[in-house]
Amino acid sequence: MSIQFKTIVELRAMLDSKQISAAELMQESLGLAKKHEELNCFVTMNEEQALKKASAIDLNEKTTSNLSGIPLAQKDLFCTEGLRTTCSSKILSNFIPPYTATAVKNLEDAGSVTIGKTNMDEFAMGSSNETSFFGSVHNPWKKEYVPGGSSGGSAAAVAAGIVPAATGTDTGGSIRQPAAHCGITGLKPTYGRVSRWGMIAFASSLDQAGPLARTSEDCAILLNAMSGFDSKDTTSLNTEVPDFLENINNPINGIRIGIIKEFNLADLDSQVQERFEESKKTYEKLGARFVEVSLPNISASVPTYYSIAPAECSSNLSRFDGVRFGYRAENTDDLNDLYIKSRSEGFGDEVKRRILIGTYALSAGYYDAYYKKAQQVRRLIKEDFEHAFESVDLLMTPTSPNTAFKFGSKGTQNPVELYLEDLFTISSNLAGIPAISIPHGLVNSLPAGLQLIGNFLREDQLLNAAHIFQKNSDFHLLKPDLEGSQ
Ligand code: GLN
């Protein structure tokens, strides 16, 4: 029986009833990755280790975790001990980390098996996967379309049914937007819920790891394992982690969902609007009440993010100097020349653009005008959310203003076009609150995503509302036609 497109819950049942062994499951999953190599989901495979671990699991009769023997893919931004970690950049193309990121370690300790590292936008900067040094990932639904980004390899690997779930990171939308464009479910947790230790930093005050899966139930399974306090990450939250599966089936009647007045949905593609209206109706039938709320500063989210994220990235990426690790240019005259050539040759254009913008925003004389100002606006946006959550339980928006687009059709002349992809996702990163994207139908044969935003630490409410939606709809069951998709 094929394991393609199966969820974690389904694979667990197959493993428990001995329909399949963990080793067979791994072989199948690795075989699917090979079969769909043209999607370019993976940068590095972990075949030998994966098969070894799966065989060891088969020998151990006692299964204590629902993740035991489940194949997963990890975004190539999580350090993995002994396994190449590139961030899809030339500058790290030979980097083999000496340790494993806490988020991945937690998942592996729960018994899951890493089959490989997924392709992404270089250093997670992008929304289309077109900035990867290893070439773009193709959208399984239509191969000449982008999968979204930056966690595009993870999203495509799940959408193509190669693995039931994968990890991603979300600084401004990089879990939710590719999940939306590939027709799967993706959750960005509260900032601090999952340790950032061992994640290669892009913008440290915004980066957050989370799961991508076929269902919200599977996202809950991954989040249960990934979450928790980590003394190695100073921003990790020292707070109890609930069991995210416990209340996932609770009825949602009476739930109050806010629609953000400042997001003018009437400007969107009419079919995207139509999907949104239909989903509202589904939630109304399930007992939700919709309320219009105002977040007066939310329209400043994109410029605020594009001041803060590049500033932090310019600082974080200064460690890639060609001396300590990573790519080193040859034939250099002196140390300065070595720095300049290694960085000029090692980084791609978008990364360089961000470093330049960030260095400028942090420089003396501009710091107050850009970085400090952006931090002040960020505070206002956070307060807007706090205010909104006094009268609603969740907020709802489309995940993205549009569905996936063709390679090369956006942002090539004007990068801001691509930056606007994250119009609806960025604000939750600025506020540090959780948000989920779930599939809610097709627009011109491509998936559209619905975003739910939750209050601080309320991933349980998001997963509950998303799960009830999925129990009452079948959009998450739609599969791409991988043989036929052009
Ligand atoms: N698309 C956004 C950017 O390019 C967000 C990326 C992310 O969340 N990592 O910065």
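Up top is the structure these notes are about.
All residue numbers refer to position in the chain's written sequence, counted from 1. For a predicted model such as this one, the threshold for reporting local features is a pLDDT of at least 70, and the threshold for listing and counting side-chain atom pairs is 80 or more; totals across whole chains, interfaces and linings nevertheless cover every residue. Each side-chain value is worked out from all heavy atoms of the structure, with water and hydrogens disregarded.

Undergrad: Is there a simple way to explain a nonpolar patch on the surface in this structure?
TA: Patch definition: residues with relative accessible area over 30% and no salt bridge; like charges joined within 9 Å; nonpolar side chains (Val, Leu, Ile, Met, Phe, Trp, Tyr) joined within 5 Å. Areas reported here follow the Shrake-Rupley algorithm with a probe of radius 1.4 Å; residue values treat only the protein chains shown as occluding. The rule for a salt bridge is simple: a side-chain nitrogen of Lys or Arg has to be within 4 Å of a carboxyl oxygen of Asp or Glu. Where nonpolar side chains cluster on the molecular surface, the patch consists of Y360, Y366 and Y370 and spans about 290 Å² of accessible area. Comment: elements are numbered from the N terminus, with helices defined as DSSP H or I runs of at least four residues and strands as E runs of at least two. Mapped onto the elements of the fold, Y370 is located in helix α12 (residues 368-388).

Undergrad: Can you help me understand the pairing of strand β8 (residues 289-293) in this one?
TA: In the case of a regular strand, side chains alternate between the two sheet surfaces. When strand β7 (residues 256-260) meets β8, the two strands line up parallel, connected through five bridges. Residue G258 lies in a different strand from β8, and its bridge partner there is V291. Whether a crossover is right-handed depends on one test, that the path from the first strand over the helix to the second runs clockwise when the strands point away from the viewer. The β-α-β motif built from β7, the intervening helix α8 (residues 270-285) and the parallel element β8 has right-handed crossover chirality. At least two DSSP bridges between two strands are needed for those strands to be called paired.

Undergrad: Teacher, can you tell me more about the packing of helix α9 (residues 301-316) against α12 here?
TA: Axis angle and axis distance: for two packed helices, these are the angle between their axes and the distance between the axes, and together they describe the pair. Close contact between α9 and α12 brings their axes to 9 Å; oriented N to C, the two are set at 130°. As summarised for this structure, α9 and α12 are arranged oblique, according to the angle between their axes. Seen along the crossing, α9 lies across α12 with a hand that is left-handed. Mapping the contact onto sequence places S301, T304, S307, I308, A311 and E312 in α9 and Y370, Y371, A374, Q375, V377, R378 and I381 in α12. Here the contact of α9 with α12 is built from residues that sort into seven nonpolar, four polar and two charged. To get an axis, a line is fitted to the C-alpha atoms, and for a helix only the part in contact is used. The angle between two axes follows their N-to-C directions and goes from 0 to 180 degrees. For classification purposes, angles smaller than 35 degrees are called roughly parallel, those larger than 145 roughly antiparallel, those between 65 and 115 roughly perpendicular, and all remaining angles oblique. Handedness of a crossing follows from how the near helix is turned relative to the far one, being left-handed for an anticlockwise turn of less than a right angle and right-handed for a clockwise one. Only heavy atoms matter for contacts: two residues are in contact if any of them lie within 4.5 Å across the pair. Throughout this entry, Asp, Glu, Lys and Arg are counted as charged residues, while Ala, Val, Leu, Ile, Met, Phe, Trp, Tyr, Cys and Pro are counted as nonpolar. The remaining residues, Gly among them, count as polar.

Undergrad: Looking at this structure, how should I read the site of the ligand?
TA: Any residue with a non-hydrogen atom lying within 4 Å of a molecule or strand is treated as near it. The local shell around the ligand holds 15 residues, among which S127, G172, S174, Y305 and D422 are the closest. Whenever a nitrogen or oxygen atom comes within 3.5 Å of another N or O atom, the pair is scored as a polar contact, on the condition that within protein one atom can donate a hydrogen and the other can accept it, and that pairs from neighbouring residues in sequence are kept only if both atoms are in side chains. At 2.9 Å from an oxygen atom of the ligand is found a main-chain nitrogen or oxygen belonging to G126. Between the ligand and the protein, one listed contact pairs an oxygen atom with a backbone N or O atom of G173 at 3.2 Å. Taking 290 Å² as the accessible area of the ligand by itself, protein coverage stands at 100%. Across the shell around the ligand, the residue classes break down as five nonpolar, seven polar and three charged.

Undergrad: For this particular structure, what's the right way to read α8?
TA: The α-helix winds at 3.6 residues per turn, so residues separated by three or four positions along the chain end up facing the same way. Between the first and last C-alpha of α8 there are 23 Å, a value that for 16 residues agrees with the 22 Å anticipated at 1.5 Å per step. Within the sequence span of α8, burial applies to V272, R275, F276, S279, K280, T282 and Y283. Mapping the buried residues of α8 onto a view down its axis gives an arc of 160°, with all of them on the same face. Among the exposed residues of α8, those oriented more than 90 degrees off its buried face are S270 and K285. On the buried face of α8, the contacting elements are β7, β8, β9 (394-398), β10 (435-443), β11 (446-454) and α15 (459-471). A distance of 2.7 Å separates the backbone nitrogen of Q271 from a side-chain oxygen at the start of α8, and that oxygen is part of D269. G287 lies just past α8 and shows a positive phi near 105°. Expected helix span is computed as 1.5 Å times (number of residues minus one). Buried residues are those whose accessible area, probed at 1.4 Å on protein chains only, stays under 20% of the maximum for their type, while exposed residues exceed 50% and partly exposed ones sit between those limits. As used here, the arc belongs to the directions running from the helix axis to the C-beta atoms.

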